[in-house]
Amino acid sequence: MKKKLVFIVIVAVFIVAGVVIGGSFIVPKTIKGAWELTVNPEVMVATPDEVDDSDRVYYVFDKPDKYGKGQWHICYQGGIEYYEYALLEEEGVEKINLGSENLEYKITGSKLLGNAKVSLIYPEYTDESTGVTYEAEEYVLEQAKAPRYEKSAYKDYEVDKLLVGEWATNERSLAYMYYSFYYTETVSVKDNGVMTIHYESEDLGLDRYMYYAYTAKDGKLTFSLVTDKDTEHTVSYTFDENGRLKFIDDTTSASIFADAFFGDVTYYNPKDLPEVPTSSALTQ
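Model, not experiment: these values are computed from the prediction.

When helices and strands are counted, the chain shows one helix and 19 strands. Scored against the burial criterion, the 284 residues of the chain give a buried share of 35%. Considering only intrachain contacts with a sequence separation of at least 6, the fraction spanning at least 24 residues in the chain is 43%. Put simply, the chain shows about 17700 Å² of open surface, and 51% of that area lies on carbon and sulfur atoms.

Take the pattern of salt bridges next. A side chain with one charge may pair with a side chain of the opposite charge, provided their charged atoms come close. Per the stated rule, a full pass over the model turns up nine salt bridges. In this structure, the salt-bridge partner of E158 is K217, at a minimum N-O distance of 3.8 Å. You can see E158 sitting in the loop between β10 (137-143) and β11 (165-176) and its partner K217 sitting in strand β14 (residues 206-217), a full 59 residues away along the chain. Salt-bridge contacts for K246 lead to D264; the nearest nitrogen and oxygen are separated by 3.3 Å. With K246 in strand β17 (residues 245-248) and D264 in the loop between β17 and β18 (266-267), the pair connects residues that are 18 residues apart, well separated along the chain. Since its relative accessible area comes to 22%, K246 is described here as partly exposed. A network of salt bridges, in which partner residues are shared, links R172, E185 and D259.

The next subject is the nonpolar core. Of all hydrophobic cores here, the largest spans 23 residues; its most connected members are L163, M195, L221, F223, F247, F262 and Y267. Secondary structure elements with two or more residues in this core: β12 (179-189), β13 (194-201), β14, β15 (220-225), β16 (228-239) and β17. In terms of residue count, the dominant contributor to this core is β14 (five residues). For Y267, the contacting residues outside a window of four places in its chain are W167, A168, T169, R172, E185, V187, R244, L245, F247, F261 and F262. Counting residues in each nonpolar core, the second largest holds 19 residues, with I31, L37, Y105 and V118 among its members.

Following the sequence through the fold, S253 ends up in the loop between β17 and β18. In this structure the C-alpha to C-alpha distance between S253 and G263, which are 10 residues apart in sequence, comes to 9.8 Å.

Another point: the side chain of N97. Tracing the chain through its elements places N97 in strand β5 (residues 93-97). Given the relative accessible area of 17%, N97 is considered buried. Looking at N97, its side chain comes within polar contact range of the side chain of N102, at 2.8 Å. Sequence-distant contacts of N97, defined by excluding residues within four places in its chain, comprise E84, Y85, A86, L88 and N102.

Despite not being glycine, Q77 has its phi angle at roughly 50°, a positive value. With respect to the helices and strands, the residue Q77 is situated in the loop between β3 (69-76) and β4 (79-90). Judged by its relative accessible area of 38%, Q77 is partly exposed. The residue E91 is not glycine, and still its phi comes out positive at about 55°. Summarising the element assignment, E91 is placed in the loop between β4 and β5.

Overall, the prediction assigns the chain a mean pLDDT of 85, with 85% of residues at 70 or greater. Taken as a whole, residues 4-27 scores under 50 in pLDDT and shows 14 contacts with residues more than four places along the chain or in a different chain.

What follows concerns the packing of aromatic side chains. This structure, assessed with the given rule, holds 21 aromatic pairs. Between F61 and W72 the ring centres are 5.9 Å apart and the planes differ by 20°, which places this aromatic pair in the stacked class. Taken as a pair, F61 in strand β2 (residues 57-61) and W72 in strand β3 lie far apart in primary sequence, 11 residues in all. Pairing F247 with F262 gives two aromatic rings, centres 3.9 Å apart and planes at 15°, and the pair type is stacked. Highlighted residues: F247 in strand β17 and F262 in the loop between β17 and β18, separated in sequence by 15 residues. The pair F247 / F262 is uniform in exposure class, with both members buried. Through successive ring pairs, a cluster of aromatic residues spans Y212, F223, F247, F261, F262 and Y267. Here the guanidinium or amino end of R208 rests over the ring plane of Y76, the centre of that ring lying 4.3 Å away.

Another point: the pairing of β5. Pairing of β4 with β5 involves five bridges; the strand directions are antiparallel. Bridge pairing in β5 places E89 opposite E94. The hairpin formed by β4 and β5 contains two residues between the paired strands, and E91 there has a positive phi angle of roughly 55°. Connecting the antiparallel pair β5 and strand β6 (residues 102-108) is a turn made up of four residues, with G99 showing a positive phi of about 130°.

Thresholds, definitions, all that
Note that residues are indexed from 1 along each chain, following the sequence as it is written. Only residues with pLDDT of at least 70 get local features here, since the model is predicted, and only at 80 or more are side-chain atom pairs given and counted; chain-wide, interface and lining totals rely on the full set of residues. Just so you know, side-chain values use all the structure's heavy atoms and leave hydrogens and water out. Per the convention used, a helix needs a DSSP run of H or I reaching at least four residues, while a strand needs a run of E reaching at least two, with both numbered from the N terminus. Working definition: with a 1.4 Å probe on protein chains only, accessible area under 20% of the residue-type maximum means buried, over 50% means exposed, and in between means partly exposed. Contacts are residue-level and defined by heavy atoms, with any inter-residue pair within 4.5 Å sufficient. Note that accessible areas follow from Shrake-Rupley with a 1.4 Å probe, and for residues the cover is restricted to the protein chains shown. The salt bridge criterion pairs a side-chain nitrogen of Lys or Arg with a carboxyl oxygen of Asp or Glu, the two atoms within 4 Å. The term nonpolar core refers to a set of buried residues drawn from Ala, Val, Leu, Ile, Met, Phe, Trp, Tyr and Cys, joined through side-chain atoms within 4.5 Å. Any pair of nitrogen or oxygen atoms within 3.5 Å is treated as a polar contact; in protein, a donor-acceptor pairing is required on top of that, and neighbouring residues in sequence qualify only through side-chain atoms on both sides. Scored from 0 to 100, pLDDT reflects the predictor's confidence in each residue. Two aromatic rings from Phe, Tyr or Trp, using only the six-membered ring of Trp, form a pair when their centres are within 6.5 Å; if the ring planes differ by under 30 degrees the pair is stacked, by over 60 it is edge-to-face, and anything between is tilted. Note on geometry: a ring has a charge over it if NZ (lysine) or CZ (arginine) is within 6 Å of the ring centre and within 35 degrees of the ring normal. A pair of strands is considered paired only if DSSP assigns at least 2 bridges between the two.

Structure, rendered in structure tokens:
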């Protein structure tokens, strides 16, 4: 019994040593999990502590499959966007593709000890049109806990059972260049005091969720981004004879497209959503 106990202790020491030293022979390093962007060459901040909570950016990676491919999402300013990633090796260098180019990446520290970091390195490049050479840049992500937007309700809120559920419209459009692109907007009102607005368009490559704390009473919906509860917006809402949702007196101007959140459109049960309109050229 004593020998068995000694063996267990020795194995435990080797496991911890492998993590602390950085070896991957027992506990391989993995990008799976949540990471906060703490070094961003595009933003001049003295220390990560100076970043407001509402401006913090998190990368969350799912476990890759046997081919090194997986899904990841980015959380910032009350919104979440979903993408795919791939791990690969080029000339002996580990790289990751987050949807565009292959970037060298390194994982240092220990996830077990809570001090792991991911470095993403954008290589040096020369702008052929100007001849200007830009130095390589390193972005650093530190091990963190992903924000719980879905749990960030007001301290006190009221729920309208008629409003709870999913409501979708595909009548809204976004003007870009010479075209008008329609997108689907799905409003999900939960009974826990949190509402999401999902903007989705295959043409625009759009797949973004925005999270809001809300309270609803007497046909009035008051809501705020979960990362900025001091800024409140209020709209009226009603239901037509078919039970479809309409927002009225919508003078707010703060959606991700800098227009009204809802506008003068009809929101349906998603299963009853009419055929998607065709994106078309703008009338001159």
